[in-house]
Amino acid sequence: MVLKLLRRAIDQGPPPARIPDGLRIYAIGDIHGRLDLLDALMFRIEADERARSAARTQIVFLGDLIDRGPQSAGVVQRALEIAESGRSARFLMGNHEEVFLKALGGSLEALRFFVKIGGRATILSYGFNEAEYEALDYPELLDALIARVPPEHVAFLQGFEDRIAVGDYLFVHAGIRPRVPVEEQTGSDLRWIRSEFLDFRGTHGPIVVHGHTITEDVEERPNRIGIDTGAFASGRLTALGLEGGERWYLST
């Protein structure tokens with residue numbers, strides 16, 4: 001009898017991960033300056049909401065709104081409008097926002113690194129033309145950038161979170177360090193970690209939903225779900241939908 005129960009438990013596997021009843025979440029992957037794709041995905045999310053039963057909906061942005069794509073300033077503005085619209089929306093700090101804010105805080109070293117990782121597109125989106133950008137040295141560029149980024153954009157980005165836990169899921173930008181309690185995770189790991197997290201096959205407790213590392217399609221593993229489908233280059237921006245024990249995907 002005990003052996004039969006054990007076999008049944010093995011056959012059935014663990015119960016599906018869940019979020020609290022009455023809540024629906026849409027988690028959006030790395031946007032990287034593609035305002036066109038964000039608008040298209042929000043349209044699909046709204047259509048998906050209308051097709052489902054009533055629920056309290058929350059949108060979670062996994063970070064990296066900026067860099068690489070051509071409309072970073074527009075993406076930040078649209079995200080700010082969503083936050084101020086009355087919709088329930090939460091925003092995670094990506095590694096690109098982290099470096100941008102350090103540069104805006106006056107760090108020339110951060111500005112140089114920002115340009116290296118795709119920040120040139122963000123700078124141009126804040127009203128610089130190509131000739132002006134090329135003519136300025138780094139100190140001049142830093143002063144001009146600080147003057148042109150609206151204070152409300154800076155304050156908005158500064159309010160982004162490190163991690164969001166809901167039910168059996170943990171939302172972060174890049175990942176977490178295996179075997180380290182969630183409350184002890186560092187901001188550096190949450191925004192920058194790769195192989196140590198991606199290659200780990202054990203349990204993290206909650207299922208970790210993340211962006212940061214580009215994959216051709218959604219990468220769904222027993223311990224994590226990666227939804228960075230390289231929007232800036234692929235044209236595919238992806239969202240994960242969650243409700244109860246259900247899980248689905250939307251993309252442009």
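Residues numbered from 1 in each chain as written. Predicted model: local features only at pLDDT ≥ 70, side-chain atom pairs only at ≥ 80, totals over all residues. Heavy atoms only, no water.

Caption draft 1: The overall build of the protein chain, seen in detail. Along the protein chain, the regular secondary structure elements total eleven helices and ten strands. Here the protein chain has a C-alpha radius of gyration of 20 Å; the compact-globule value for 252 residues is 18 Å, and the two agree. Each principal axis of the C-alpha distribution contributes one length, and for the protein chain these read about 80 × 40 × 30 Å. Sorting the 252 residues of the protein chain into buried and exposed places 51% on the buried side. Intrachain contacts of the protein chain at a sequence separation of at least 6 include 65% that bridge at least 24 residues. Counting only carbon and sulfur atoms, one obtains 52% of the accessible surface of the protein chain, whose full area is about 11800 Å². (Helix = DSSP H or I, 4+ residues; strand = E, 2+ residues; numbered from the N terminus. Rg over C-alpha atoms; globule rule 2.2 N^0.38 Å. Buried < 20%, exposed > 50% of the residue type's maximum accessible area, 1.4 Å probe, protein only. Contact = heavy atoms within 4.5 Å. Areas by Shrake-Rupley, 256 points an atom, 1.4 Å probe, with all protein chains shown as cover.)

Caption draft 2: Representation of the environment of proline 178 within the structure. Within the element layout of this structure, proline 178 appears in the loop between strand E5 (169-171) and helix H9 (187-192). Taking the C-alpha atoms as reference points, proline 178 and arginine 201, separated by 23 residues in sequence, lie 9.4 Å from one another. Ignoring sequence-local partners within four residues, the contact set of proline 178 consists of Glu196, Phe197, Phe200 and His204.

Caption draft 3: Expanded view of the sheet that holds strand E9 (residues 238-243). Overall, mixed pairing links the five strands, which are arranged E3-E2-E1-E9-E10 in an open sheet. With one partner strand each, in any of the chains shown, strand E3 (88-91) and strand E10 (246-251) form the two edges of the open sheet. Mean inter-strand twist for the sheet, computed between neighbouring axes without regard to direction, equals 20°. Here E9 runs beside E10; their pairing, made up of six bridges, is antiparallel. Note on E10: the bridge partner recorded for threonine 238 is serine 251. On top of the sheet, helix H2 (residues 35-51) reaches strand E1 (23-28), strand E2 (56-61), E9 and E10; it is set at about 160° to E1, its chief contact. (Pairing = 2+ DSSP bridges. Axes fitted to C-alpha atoms, helices over the stretch in contact; angles between N-to-C directions.)

Caption draft 4: Quick look at the side chain of aspartate 228. Of note, aspartate 228 is situated in the loop between strand E8 (224-226) and helix H11 (231-234). There is no salt bridge for the buried aspartate 228, and the closest opposite charge comes from arginine 68, which lies 5.9 Å off by N-O distance. Discounting chain neighbours no more than four positions away, the residues touching aspartate 228 are Asp30, His210, Gly211, His212, Thr213, Ile214 and Thr215. (Lys, Arg positive; Asp, Glu negative; His and termini not counted. Salt bridge = Lys/Arg side-chain N within 4 Å of Asp/Glu carboxyl O.)

Caption draft 5: A look at the pattern of salt bridges. Applying the stated criterion to the full structure yields 22 salt bridges. Residue glutamate 246 is joined to arginine 52 by a salt bridge in which the shortest nitrogen-to-oxygen separation is 3.4 Å. Here arginine 52 lies in the loop between H2 and E2 and glutamate 246 lies in strand E10, a separation of 194 residues in the sequence. Taking the relative accessible area as the measure of exposure, glutamate 246 reaches 39% and is therefore partly exposed. On the accessibility criterion, arginine 52 (25% relative accessible area) is partly exposed. In the salt-bridge network here, residues are joined through shared partners; they are Glu98, Lys102, Asp162 and Arg191.

Caption draft 6: Examining the nonpolar core more closely. Ranked by size, the top nonpolar core spans 51 residues in total, and within it Ile28, Phe61, Phe100 and Ile123 carry the most contacts. The element best represented in this core is helix H5 (residues 108-125), accounting for seven residues. Contact partners of isoleucine 123, with chain neighbours within four places excluded, come to Leu111, Phe114, Val115, Phe128, Tyr133, Leu141 and Leu145. Membership of the second largest hydrophobic core comes to 18 residues, among which are Leu62, Ile164, Phe171 and Ile225. (Core = buried A, V, L, I, M, F, W, Y, C linked by side-chain atoms within 4.5 Å.)

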